[in-house]
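# A structural walkthrough
So you can see what is in the structure, the chains are spelled out below.
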Amino acid sequence: MIYFDNNATTIPLPEVVEVMGACLREDYANPSSVHQFGQSVRHKIECAREQVAALLGATPREVIFTSGGTESINLAIRGALQSNPSRRRIVTTPVEHTATLSVMEQLAATGYEVIRVGVDQEGRIDEAEWADAITEDTALVSLLYANNETGVLFDVPKLATIAEAKGAIVHIDAVQAAGKIPIVVEDWPVHLVSISAHKFHGPKGIGALYVKRRTRVSPQIVGGSQERLLRGGTENVAGIVGMGLASKVALRDMDRVANEVRQMRGAFEASLIGSVPFARVVASTSDRLHTTSNIAFGRLQAEAILILLSEASVCASAGSACSSGSLEPSHVLQAMGIDESLAHGAIRFSFSKFNTPGEIDEVVSLLPDLLSRLTKLSGGAAS
Ligand code: PLP
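Everything numeric here is computed off the predicted structure, so don't read it as measured data.

Attention now goes to the pattern of salt bridges. Under the defined criterion, the tally for this structure stands at 18 salt bridges. Its salt-bridge partner being Glu186, residue Arg213 comes within 3.4 Å of it at the nearest N-O pair. On the criterion of sequence distance, the pair formed by Arg213 in the loop between β8 (207–211) and α7 (237–275) and Glu186 in the loop between β6 (169–173) and β7 (192–196) is long-range, its members being 27 residues apart. With a relative accessible area of 43%, Arg213 lands in the partly exposed category. When its relative accessible area of 38% is taken as the criterion, Glu186 is described as partly exposed. Between Arg288 and Glu269 there is a salt bridge; the shortest N-O distance is 2.9 Å. Residue Arg288 is located in the loop between β9 (279–281) and β10 (292–297), and its partner Glu269 is located in helix α7; the two are separated by 19 residues in the primary sequence. Take Arg288 and Glu269: they sit in the same class, and that class is buried.

Attention now goes to the domain arrangement of the chain. Split by domain assignment, the chain resolves into domain 1 (2–6 + 253–376) and domain 2 (14–249). With 32 residues of domain 1 at the contact, the number on the domain 2 side is 28 residues. A per-residue breakdown of the area domain 1 buries against domain 2 is headed by Met254, Leu289 and Met336, which together make up 25% of the total. The tally of links between domain 1 and domain 2 comes to zero salt bridges.

Spatial strand order, β2-β8-β7-β6-β5-β3-β4: seven strands in an open sheet with mixed pairing. Edge strands, defined here as strands with exactly one partner in the open sheet, are β2 (63–66) and β4 (113–116). Across this sheet, the average inter-strand angle for adjacent strands is 20 degrees, counted without regard to direction. Sheet topology note: the strand β5 (residues 138–144)/β6 ladder contains five bridges and is parallel. Bridging from a neighbouring strand, Leu143 pairs with Ile172 of β6. Helix-sheet contacts for helix α3 (residues 69–83) involve β2, β3 (89–92), β5, β6, β7 and β8, and the interaxial angle to β7 is about 165 degrees.

Membership of the largest hydrophobic core comes to 75 residues, with the highest contact counts inside it found for Phe65, Trp130, Tyr145 and Ile172. Among the elements that line this core, the one with the most residues is α7, at ten residues. Looking at which domains feed residues into this core, each of domain 1 (2–6 + 253–376) and domain 2 (14–249) supplies at least three. Once you skip the residues sitting within four places of it in the chain, Trp130 turns out to touch Val91, Thr92, Thr93, Val117, Ile125, Val141, Leu143, Leu159 and Ile162. Membership of the second largest hydrophobic core comes to 31 residues, among which are Phe268, Ile295, Leu309 and Val363.

Time to look at the sheet that holds β10. By way of backbone hydrogen bonds, the strands of a sheet pair with one another, either parallel or antiparallel. Spatially, three strands are ordered β9-β10-β12 in an open sheet, and the strand pairing comes out antiparallel. Each edge of the open sheet is held by one strand with a lone partner, namely β9 and β12 (346–350). Looking at each pair of strands side by side, their axes are set apart by 30 degrees on average, direction ignored. With three bridges connecting them, β9 and β10 associate as antiparallel partners. Residue pairing across strands places Val281 opposite Ile295, the latter belonging to β10. Sheet contacts for helix α8 (residues 302–311): β10 and β12; angle to β12, the most-contacted strand, approximately 40 degrees.

For the rest of this paragraph, the subject is the environment of Ala108. Among the secondary structure elements, Ala108 is positioned in helix α4 (residues 98–109). When its relative accessible area of 34% is taken as the criterion, Ala108 is described as partly exposed. Sequence separation between Ala108 and Arg88 is 20 residues; the distance between their C-alpha atoms is 9.9 Å.

Here we take up the environment of Gly223. Mapped onto the elements of the fold, Gly223 is located in the loop between β8 and α7. Residue Gly223 is classed as exposed on the basis of its relative accessible area, which comes to 65%. With ten residues separating them in the primary sequence, Gly223 and Gly233 have C-alpha atoms 6.0 Å apart.

Thresholds applied
Along every chain, residues carry numbers that run from 1 in the direction the sequence is written. Reporting in this predicted model follows two pLDDT cut-offs: at least 70 for local features of residues, and 80 or more for side-chain atom pairs to be given and counted; totals over whole chains, interfaces and linings ignore these cut-offs and use all residues. Hydrogens and waters are ignored; side-chain quantities use all the structure's heavy atoms. For salt bridges, the criterion is a side-chain nitrogen of Lys or Arg within 4 Å of an Asp or Glu carboxyl oxygen. Every helix listed is a DSSP run of H or I at least four residues long, and every strand listed is a run of E at least two residues long, numbered separately from the N terminus. Relative accessible area decides the class of each residue, using a 1.4 Å probe on protein chains only: under 20% of the type maximum gives buried, over 50% gives exposed, and in between gives partly exposed. These domain boundaries are the output of an automatic or database domain assignment. Any two residues having at least one pair of non-hydrogen atoms within 4.5 Å are treated as being in contact. Buried area: the sum, over both parts, of the accessible surface (1.4 Å probe) that disappears when the two are put together. Strands are labelled as partners when DSSP assigns at least two bridges between them. Inter-axis angles, ranging from 0 to 180 degrees, are taken between N-to-C directions of lines fitted to C-alpha atoms, where helices are fitted over the stretch in contact. By nonpolar core is meant a set of buried Ala, Val, Leu, Ile, Met, Phe, Trp, Tyr and Cys residues that side-chain atoms within 4.5 Å join together.

This is the structure:
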């Protein structure tokens, strides 16, 4: 099998699986228990918190463990708004992950004014438009760092500075970026950053929210006093320990892996365009996360391409994993104003350090035949 769906989720590292197994078997005490056994488990959580903090350039006290990216996003947005009730405006973009978009929809229904600042065909935000949208009444802005469908990187330092200057709380969805490109939250004028372990070779169902010191956030899950009262419930110890190790490895190998994967992505796009001239790389001129290649195959249907790829044992996605299965073109490509006939045939290939140049060659060599079979079936010329 060739796995080119790493933005949906990544392969857990063998050492992560190992450490988690040992943790489940041996470290089963409740970390809130007073006895020594419980406290040794507490210590493991705190070591993992240090590892996650190091990945973000944060202090351990600023890291709150959650059940993943979606929960972090919910806690950040809802929690910050509840703690700052006087302002009623939120500024975001239409290309956010569905986790953010769904929260925004609910908030709009409860009376918040939600402004979605658009993007251009390359997925970029116009700075002046962004600045105009953020008024003195803006409670919060929520912004992706790396787009999960196109890989486009927003200029977080610039856009966050504009928002922070107007007194807004700044939340960054760094779920796709964390563990892949450097994040030093201390250098960013941001208050909240969401991340998720399964996107960087850690386990699923565990994530974290960076909460800058002195940022007021109301808990969304109440119960015990875990996670400094911001997230009640007995901790997912094995998940936390696995996330800690995945963070440590990601930070250690980041530059080397980024270079290798960037080279593979470059080779993939260059040879694909060479052998399938009608293929178009989405947002090719933007700064993009090195893992991501979104290719639009004009006039073809993404679902049909995915089925044939799957028959050839190649895993990829149409748009985001969460919305695949629907025939609607991706909301991200729609917001970018990409022609519908192109958007319908857009496939996201996403890479990781476990992919090889040989796999790139294999997929590039099978695509021309696969696409021409589909073109014949659909009875027309692809463009
Ligand atoms: N934000 C982005 C940009 C994502 O890509 C994802 C996952 O696809 C999420 C949030 C949600 O993360 P999780 O799957 O951990 O809930």
